[in-house]
Amino acid sequence: MAKLREPEEVSMDTQIQHMLTVARSRGIETAFDRADQTSARCPFGSAGLCCRSCLEGPCRIVPNGSGPRRGVCGADADTLVARSLLNTMIQGASGHAEHGREVAAALLKTAEGKAPYVIRDVGKLMQVAKGLNLEMEGKSINEVAKAVALAALEDFQKHEGVMNWIEYRGHHKSREIWDKLGITPVNAHLEIAKAVTRNAMGGDADPLNLLLGSVTMGLVDGYSGLHLSSDLQDILFGTPKAVKFNYSLGVLDEKQINIAVHGHIPLLSEKIVEWAQILERKALTVGAEGINIVGVCCTGNELLMRQGVHAASSFSSQELVIVTGALEAMVVDIQCIMPGIQQVAECYHTEIITTMPHVKIAGATHVNFEPEYADDAAREIVERAIRNFAKRDPAKVVIPGGSVEAHAGFSVEQICEVTAKINADKPLQPLIDAIKNGAIRGVAAVIGCTNPREPQDIGNVTVARELLKNNVLIVTTGCAAHSLAKFGLMNEGGLEACGDSLKALLRQLGQHAGLSALPPALHMGSCVDNSRPLDLLSAIADELDVPISSLPAVGSCPETHSPKALTIGTYFMAHGVDVHVGVDPQVSGSNLVTRTLTGSREDKGITMDGLFGGKLIVEIDPVKAAAVLLERIDIKRRTLGI
Ligand code: CUV
Ligand code: SF4
């Protein structure tokens, strides 16, 4: 049996350390333990050199050493590595595209009066309709919503032209590059199907062409996944505005019925919040003081951004929410749901409830979600949780004390509402001025996950702190945002982490937001909301009439585990934004692939930096990573002449 890490080595968060000790003392295994048990990892797979694409294989090759240099079909290391990367990209892009499609279908049903949702943000609806060049004259709100939904669904159907959301949101200077390379997606499903075929045995065997295929997956992810989802979710549930919430396991409440919502799509969880309020009185009849909804992963992010729902856990510690013994139900939708939660739940009274027909877990309860019957599903789930309260064993309840207050809700609209109080005609100008005069040295999007193999939060928090110290403004999404919230970077206390000029600016802007200061890390939402930092950059680039690739902006993904984070990173790079990843992306088996991804424009041969103006930075050490990101920010500042 492999030696297990000490709790202090597993997470920086003392509550997580404590709950891990509790889990171990009760003989409950979690992802942190399984990461230790599976620590002997296959060297072929780790380098991208194992191919299982056909039944001649699996082929494992050794490009520089004593072993075979090609698979049975003749594919070499470069092709194998490029294919295995594309495989990862297909996974990532499909996840986000599917998210977008589900939301589009729900919007259509809402517009047709078949689903129990309302259009909460009519202004955003009109703005999106206008952006899509849709005819609005004389149309009712529902008719416009229907036209928007159909335009969205077309991005999964059309057979020529370019995805509507790229026409709408894509920056024209980036578009020129994509079009010239012939990589601009036509429709998400078509591109995904094409990528699967080109990646099969006997398909594409040109590593550079395969890498361009990966960039297309990044664009599919970015536009049919991220932008489309954020836009439509804002229309349905409201564009986020400044909001307060609390973070950490301590948000569970011993006296209340606790329901965790986990996954990615807010369609059902928004309804659960509604039904928890409606059924609050019923909770009192079973002896609870109320119903407490807490968020996990990105469904958590969606709810906190719009409803101020407290957040309990990021990805890697999701099982520990159950170990508190105080959870009546964990409701999951799609993505990032560890199958392991069911084993943990079986040691408690917690009911795991799956909700999507294509994402079930053996042993869990399934309450099917369809937009038409969203109210029925939400009501049943809340009632189940109320019934489960009586089964709770008080002797097993351990909730760590305390939680951290955080401010979130920083959509581009919210940021501009604040800066418009300084310059009403040109709301972006205060930010542009601050970038030009150096008060803001650059902008970094700290995004992505937590990974049970990595010490939780350390990478995310260290990269952010190192950058803040150097006056780099942080925007954040996903589970990285959970890390930054927990460690105080979303409240006033976080200002001590900032360099002087950034601190002064955040204080000045804060006054216009009714806060003593803006938080140093601006929470922009879930993973699909990585559309928002790009929208911000796109608007700044337009204002300055430069490509996005000239801006002193970087992305950093210090603790990722998810293919989705790699596609998001690729989408950033396709716009010319440098992206750091703090976990090995498993491409080391090919010098060609590694050089193309990580090389600079001055290097020999084709590089991402040369083609798009942004490159991949692989650095495990977060302090060193921040130093490299600062260097890249400064290079871009010099090219911009500031
Ligand atoms: Ni989509 S993708 S672990 S929940 S951020 Fe969290 Fe965010 Fe990564 Fe998953
Ligand atoms: Fe082997 Fe080629 Fe088949 Fe891959 S596609 S398993 S390298 S024969």
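Residues numbered from 1 in each chain as written. Chains lettered and ligands numbered in written order. Predicted model: local features only at pLDDT ≥ 70, side-chain atom pairs only at ≥ 80, totals over all residues. Heavy atoms only, no water.

Let us now look at the pairing of strand β13 (residues 521-525). Among the 5 residues of β13, 5 are classified as buried, and the element is accordingly described as predominantly covered. The pairing of strand β12 (residues 472-477) with β13 spans 4 bridges and is classified as parallel. Each residue of the ladder has a partner; that of Val475, found in β13, is Leu522. (Buried < 20%, exposed > 50% of the residue type's maximum accessible area, 1.4 Å probe, protein only. Helix = DSSP H or I, 4+ residues; strand = E, 2+ residues; numbered from the N terminus. Pairing = 2+ DSSP bridges.)

The next subject is the side chain of Thr30. Along the chain, Thr30 falls in the loop between α2 (14-25) and α3 (31-37). You can call Thr30 buried: its relative accessible area is 1%. Apart from the residues lying within four places of it in its own chain, the contact partners of Thr30 are Leu20, Ala23, Glu319 and Leu320. (Contact = heavy atoms within 4.5 Å.)

With that out of the way, let us pick up the packing of aromatic side chains. Enumeration over the complete set of coordinates arrives at 5 aromatic pairs. Where Trp178 meets Tyr223, the ring centres are 6.1 Å apart and the plane angle is 65°; that geometry is what we call edge-to-face. With a gap of 45 residues between them, Trp178 in helix α9 (residues 172-181) and Tyr223 in helix α11 (residues 207-237) connect regions that are remote in the sequence. Seen in terms of ring centroids, Tyr571 and Phe572 are 5.6 Å apart; in terms of plane orientation they differ by 70°. Their pairing is edge-to-face. Given the relative accessible area of 0%, Tyr571 is considered buried. (Phe/Tyr/Trp six-rings, centres within 6.5 Å; stacked < 30°, edge-to-face > 60°.)

A few words now on the domain arrangement of the protein chain. Taken as a whole, the protein chain is organised into domain 1 (77-237), domain 2 (249-396) and domain 3 (408-640). For domain 1 and domain 3, the distance between their C-alpha centroids amounts to 23 Å. Listed as interface residues are 43 residues of domain 1 and, on the opposing side, 38 residues of domain 3. Here domain 1 and domain 3 share an interface that buries about 3,000 Å² over both sides, 69% of which is from carbon and sulfur atoms. Among the residues domain 1 hides against domain 3, the three largest losses belong to Val81, His171 and Leu226. Together they make up 17% of the total. Between domain 1 and domain 3 we count 4 salt bridges in total. A salt bridge links Lys173 to Asp545; the nearest nitrogen and oxygen atoms lie 3.5 Å apart. At the junction of domain 1 and domain 3, the tally comes to 13 residue pairs in polar contact (both at pLDDT 80 or more). (Domains from an automatic or database assignment. Buried area = accessible area lost by both parts, 1.4 Å probe. Salt bridge = Lys/Arg side-chain N within 4 Å of Asp/Glu carboxyl O. Polar contact = N/O pair within 3.5 Å; in protein donor to acceptor, adjacent residues only side chain to side chain.)

Turning to the nonpolar core, a few remarks are in order. Counting residues in each nonpolar core, the largest one holds 180 residues, and the members touching the most others are Val148, Trp165, Leu232 and Ile291. No other element matches the 16 residues that helix α5 (residues 77-111) contributes to this core. Core analysis: the next-biggest nonpolar cluster, separate from the first, contains 35 residues, Leu20, Ile341, Ile352 and Ile361 among them. (Core = buried A, V, L, I, M, F, W, Y, C linked by side-chain atoms within 4.5 Å.)

This next bit is on the site of ligand 2. Around ligand 2 lies a shell formed by Cys51, Ser53, Cys54, Glu56, Gly57, Cys59, Gly71, Val72, Cys73, Leu80, Arg83 and Met201. Classifying every residue of the shell around ligand 2 gives 7 nonpolar, 3 polar and 2 charged. (Near = heavy atom within 4 Å. Nonpolar A, V, L, I, M, F, W, Y, C, P; charged D, E, K, R; others polar.)

Moving on: the coordination of the nickel atom of ligand 1. In this structure, His264 (NE2), Cys298 (SG) and Cys527 (SG) serve as the protein donors to the nickel atom of ligand 1, at separations of 2.2 to 2.8 Å. Here the donor residues of the nickel atom of ligand 1 share one chain and are spaced in sequence as H-x33-C-x228-C. One end of the pair, Cys298, is in helix α14 (residues 297-307); the other, Cys527, is in the loop between β13 and α23 (531-544), and 229 residues separate them in sequence. Residue class for Cys298 comes out buried when judged on its relative accessible area of 1%. (Donors = N, O, S within 2.8 Å, 3.2 Å for Na, K, Ca; no water.)

Along the chain, the position of Asn388 falls in helix α17 (residues 374-388). Given the relative accessible area of 4%, Asn388 is considered buried. Between the C-alpha atoms of Asn388 and Asn258, which are 130 residues apart in sequence, the distance is 10 Å. With residues near it in sequence (within four places) discarded, Asn388 still touches Glu328, His349 and Glu351. A polar side-chain atom of Asn388 sits 3.1 Å from the main-chain carbonyl oxygen of Glu328.

Turning next to the site of ligand 1. Close contacts around ligand 1 come from 13 residues, with His264, Cys298, Cys336, Cys449 and Cys479 the closest. Among the elements of the structure, α14 and α21 (478-486) are those that each provide at least two residues to the shell around ligand 1. Split into classes, the residues belonging to the shell around ligand 1 amount to 7 nonpolar, 5 polar and 1 charged. Residues from two domains meet in the shell around ligand 1; each of domain 2 (249-396) and domain 3 (408-640) gives at least three.

Attention now moves to the pattern of salt bridges. Considering all chains together, one arrives at 44 salt bridges under this definition. In this structure, Glu413 and Lys124 form a salt bridge, with 2.8 Å as the shortest nitrogen-oxygen distance. Of this pair, Glu413 sits in helix α18 (residues 412-419) while Lys124 sits in helix α6 (residues 122-131), and the two are 289 residues apart along the sequence. Judged by its relative accessible area of 5%, Lys124 is buried. Close ionic contact of Asp578 with Lys636 constitutes a salt bridge, the shortest N to O distance being 3.9 Å. Taken together, the residues Asp578 in strand β15 (residues 578-581) and Lys636 in helix α27 (residues 622-640) connect sequence positions 58 residues apart.

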